[in-house]
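# Coordinate analysis (summary)
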Amino acid sequence: MDFLWTDFLGTAIWMWLSFLALVILLLALDLGVLHKKNAEIGIRESFLLSAFYMSLGLAFGGWVWWQSGQQAGLEYLTGFVVEKSLAMDNIFVIAMIFGYFAIPRAYQHRVLLWGILGVIVLRGIMIAAGASIVENYHWVLYLFAAFLIVTGIKMLLTADKEYDVSGNPLLRFLRKHLPITEKLEGHRFVVRREDVFSGKMKIYFTPLFLALVMVELADLVFAVDSIPAVFAITTDPFIVYTSNIFAILGLRALYFALSALIHRFAYLKYALSVVLIFIGSKIFVADMLGLAKIPPTVSLGVTLAILGAGILGSLWATRNEDKAGANTLARE
């Protein structure tokens with residue numbers, strides 16, 4: 001059993017296996033017990049699940065702190081906060097995708113669950129590749145930092161623009177080259193139907209499949225922003241991956257909690273823009289100050305302050321706009 005203490009990407013194999021076992025257990029619980037049947041998730045249940053996943057992610061950060069020290073723990077918590085915040089921005093896009101395809105709430109959980117499975121694999125590949133590149137070419141961190149600054153500025157300038165689902169090139173390509181059913185076929189992604197021309201059975205894709213592809217694409221786009229953001233905080237692949245996955249695991253529950261309250265977060269994108277600019281800038285600032293890196297406590301404190309100001313400012317500015325939402329929650 002000595003191999004369990006062998007390092008893999010800088011961390012003992014047993015720590016990787018423990019994390020993966022926990023993720024598998026959570027997915028099995030979610031898929032096989034809590035949401036075995038397709039049913040709409042209520043706002044109250046969504047908030048409870050969100051609190052559970054948030055608490056679990058924070059508890060894992062405490063475990064990282066205990067196992068690897070204060071700096072590793074603070075880096076994990078900073079990465080977790082940043083990823084969770086960016087995931088909230090992703091919720092806005094997912095809500096538009098579901099609205100565009102008119103996906104009932106009872107089927108949205110199925111799309112999000114399969115989307116999460118794809119995320120776990122995809123982000124693992126991207127983070128492993130990123131870690132290898134950073135280890136061999138440290139200067140790439142400066143490219144990540146510059147990219148984050150540019151992305152933050154771009155997000156700041158376009159924060160008031162909505163995501164255009166219909167104009168997505170991939171969606172147009174799929175509709176042109178795949179046989180698509182005109183309407184949903186329950187919770188199925190593909191169905192077999194008789195072709196009207198040949199009379200033979202043929203596989204057709206449903207709008208639910210298109211929604212799944214668009215959700216996966218949205219996460220890929222957000223991963224391009226979020227993964228460099230965490231690498232700018234720490235280059236430890238274990239911390240980068242675990243903070244990413246724990247933030248994403250609660251995305252499904254968080255979606256159902258916040259999708260009905262999106263209009264209350266009017267300034268969140270502006271706050272996220274400033275966070276990305278700050279995270280990218282701190283690498284250059286540290287060099288100018290002659291520091292190895294900005295202390296994790298400073299990074300975490302500034303990040304929380306920016307996000308807190310954005311969220312509280314949003315809730316205050318829209319305090320008179322959610323009476324209908326409050327009534328809905330009371331009925332739940």
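In this convention, every chain numbers its residues from 1, walking through the sequence in written order. Local features in a predicted model are, by the rule used here, given only for residues with pLDDT of at least 70; side-chain atom pairs are given and counted only at 80 or more, and totals for whole chains, interfaces and linings are based on all residues. Only hydrogens and water are set aside; all other atoms, that is, all heavy atoms of the structure, feed into the side-chain values.

## A few points about the overall build of the protein
Defined as follows: For the purposes of this entry, the term helix denotes a DSSP run of H or I that reaches at least four residues, the term strand denotes a run of E that reaches at least two, and both are numbered from the N terminus. Classification of residues uses two cut-offs on accessible area relative to the type maximum, computed with a 1.4 Å probe and protein chains only: under 20% is buried, over 50% is exposed, and between them is partly exposed. Throughout, a residue-residue contact means that at least one pair of heavy atoms, one from each residue, lies within 4.5 Å. What sets the accessible areas is the Shrake-Rupley method with a 1.4 Å probe; for residues, cover comes only from the shown protein chains.
Regarding its fold elements, the protein presents 12 helices and 4 strands. For the protein, the residues scored as buried account for 48% of the 332 residues in total. Of all intrachain contacts in the protein linking residues separated by at least 6 positions in sequence, the fraction that spans at least 24 positions is 80%. Total accessible area on the protein is roughly 16,400 Å²; 67% of this is exposed by carbon and sulfur atoms.

## Quick look at the nonpolar core
Applied cut-off: We call a set of buried Ala, Val, Leu, Ile, Met, Phe, Trp, Tyr and Cys residues a nonpolar core when their side-chain atoms join them within 4.5 Å.
Counting residues in hydrophobic clusters, the biggest one holds 94 residues, and the most contacted among them are Ile 97, Phe 98, Phe 101, Phe 231 and Leu 249. No other element matches the 18 residues that helix H3 (residues 70-101) contributes to this core. Discounting chain neighbours no more than four positions away, the residues touching Phe 101 are Val 165, Leu 171, Arg 175, Pro 207, Leu 210, Ala 211 and Met 214.

## Observations regarding a nonpolar patch on the surface
Selection rule: Each patch is built from salt-bridge-free residues with over 30% relative accessible area, joining like charges within 9 Å and nonpolar side chains (Val, Leu, Ile, Met, Phe, Trp, Tyr) within 5 Å. Salt bridges are defined by distance alone: a side-chain nitrogen of Lys or Arg within 4 Å of a carboxyl oxygen of Asp or Glu.
On the surface, a cluster of nonpolar side chains totalling about 530 Å² of accessible area is made up of Ile 153, Leu 156, Leu 157, Tyr 267, Tyr 270 and Val 274. Those elements that provide at least two residues to the nonpolar patch are helix H5 (140-157) and helix H10 (268-288). Counting through the fold element by element, Tyr 267 comes out in the loop between helix H9 (251-258) and H10. The exposure class assigned to Tyr 267 is partly exposed, which follows from its relative accessible area of 40%.

## Considering the packing of aromatic side chains
Here is the rule: For Phe, Tyr and Trp, where Trp contributes only its six-membered ring, two rings pair if their centres lie within 6.5 Å, and the inter-plane angle classes them as stacked under 30 degrees, edge-to-face over 60, or tilted in between.
The full count for this structure, using the stated rule, is 19 aromatic pairs. Look at Tyr 137 and Trp 139: their rings are 6.2 Å apart centre to centre, the planes differ by 65°, and that puts the pair in the edge-to-face class. In this structure Trp 139 comes out as exposed when scored by relative accessible area, which is 52%. With 6.0 Å between their ring centres and 35° between their planes, Phe 144 and Phe 231 make a pair best called tilted.

## Looking at the side chain of Ser 243
For the record, the criterion: Under this definition, polar contacts are N or O atom pairs within 3.5 Å; protein pairs additionally need one hydrogen-donor-capable and one acceptor-capable atom, and for neighbouring residues in sequence, both atoms have to be side-chain atoms.
The topology assignment puts Ser 243 in helix H8 (residues 237-249). Of note is the side chain of Ser 243, whose polar atom sits 2.7 Å from the backbone oxygen of Ile 239. Discounting chain neighbours no more than four positions away, the residues touching Ser 243 are Tyr 76, Gly 79, Phe 80, Glu 83 and Val 230.

## Topic: the packing of H3 against helix H7 (residues 207-231)
The line we're drawing: With axes taken as lines fitted to C-alpha atoms, and helix axes fitted only over the stretch in contact, angles between N-to-C directions fall between 0 and 180 degrees. Should an angle lie under 35 degrees it is considered roughly parallel, over 145 roughly antiparallel, and from 65 to 115 roughly perpendicular; all remaining angles are considered oblique. By definition, turning the near helix anticlockwise from the far helix through less than a right angle yields a left-handed crossing, and turning it clockwise yields a right-handed one. Charged residues are taken to be Asp, Glu, Lys and Arg, nonpolar residues to be Ala, Val, Leu, Ile, Met, Phe, Trp, Tyr, Cys and Pro, and polar residues to be all remaining types, Gly included.
The geometry of H3 relative to H7 is characterised by a closest axis approach of 10 Å and an angle of 155° between their N-to-C directions. In this view, H3 runs roughly antiparallel relative to H7, as classed from their interaxial angle. Here H3 and H7 pass one another in a crossing that is right-handed. Two secondary-structure elements touch here, H3 through Gly 79, Val 82, Glu 83, Leu 86, Asp 89, Asn 90, Val 93, Ile 94, Ile 97, Phe 98 and Phe 101 and H7 through Pro 207, Leu 210, Ala 211, Met 214, Val 215, Ala 218, Asp 219, Phe 222, Ser 226, Ile 227, Ala 229 and Val 230. For the contact of H3 with H7, the per-class residue count stands at 17 nonpolar, 3 polar and 3 charged.

## Remarks on the packing of H3 against helix H11 (residues 296-317)
When two helices pack together, their arrangement is given by the angle between their axes and by how far apart the axes lie. The geometry of H3 relative to H11 is characterised by a closest axis approach of 9 Å and an angle of 25° between their N-to-C directions. On the basis of the axis angle, H3 is roughly parallel to H11. The handedness of the crossing between H3 and H11 comes out as left-handed. Of the residues in H11, those in contact with Gln 71, Leu 74, Glu 75, Leu 77, Thr 78, Val 81, Val 82 and Ser 85 of H3 are Pro 296, Thr 297, Ser 299, Leu 300, Thr 303, Leu 304 and Leu 307. A class-by-class count of the residues in the contact of H3 with H11 yields 8 nonpolar, 6 polar and 1 charged.

## What to know about H3
Rules: What a helix is expected to span follows from its residue count: subtract one and scale by 1.5 Å.
Between its terminal C-alpha atoms H3 stretches 46 Å, which fits the 46 Å expected from 32 residues at 1.5 Å a residue. Burial analysis of H3 places 27 of its 32 residues in the buried class, which makes it a mostly covered element. Positive backbone phi, approximately 55°, marks Ala 102, located one or two places after H3.

## Notes on the pattern of salt bridges
Pairs can form between side chains of opposite charge whenever their charged atoms are close. Under the definition given, this model contains 3 salt bridges. Measuring nitrogen to oxygen at the nearest pair gives 2.9 Å for the salt bridge that ties Arg 123 to Asp 219. Here Arg 123, found in helix H4 (residues 105-136), pairs with Asp 219, found in helix H7; they are 96 residues apart in sequence, far enough to count as distant. Take Arg 123 and Asp 219: they sit in the same class, and that class is buried. Among the salt bridges present, the one from Arg 193 reaches Glu 185, with a minimum N-O distance of 2.7 Å. Among the residues examined, Glu 185 registers a relative accessible area of 16% and is labelled buried. Taken together, the shared-partner salt bridges connect Glu 83, Arg 123 and Asp 219 into one network.

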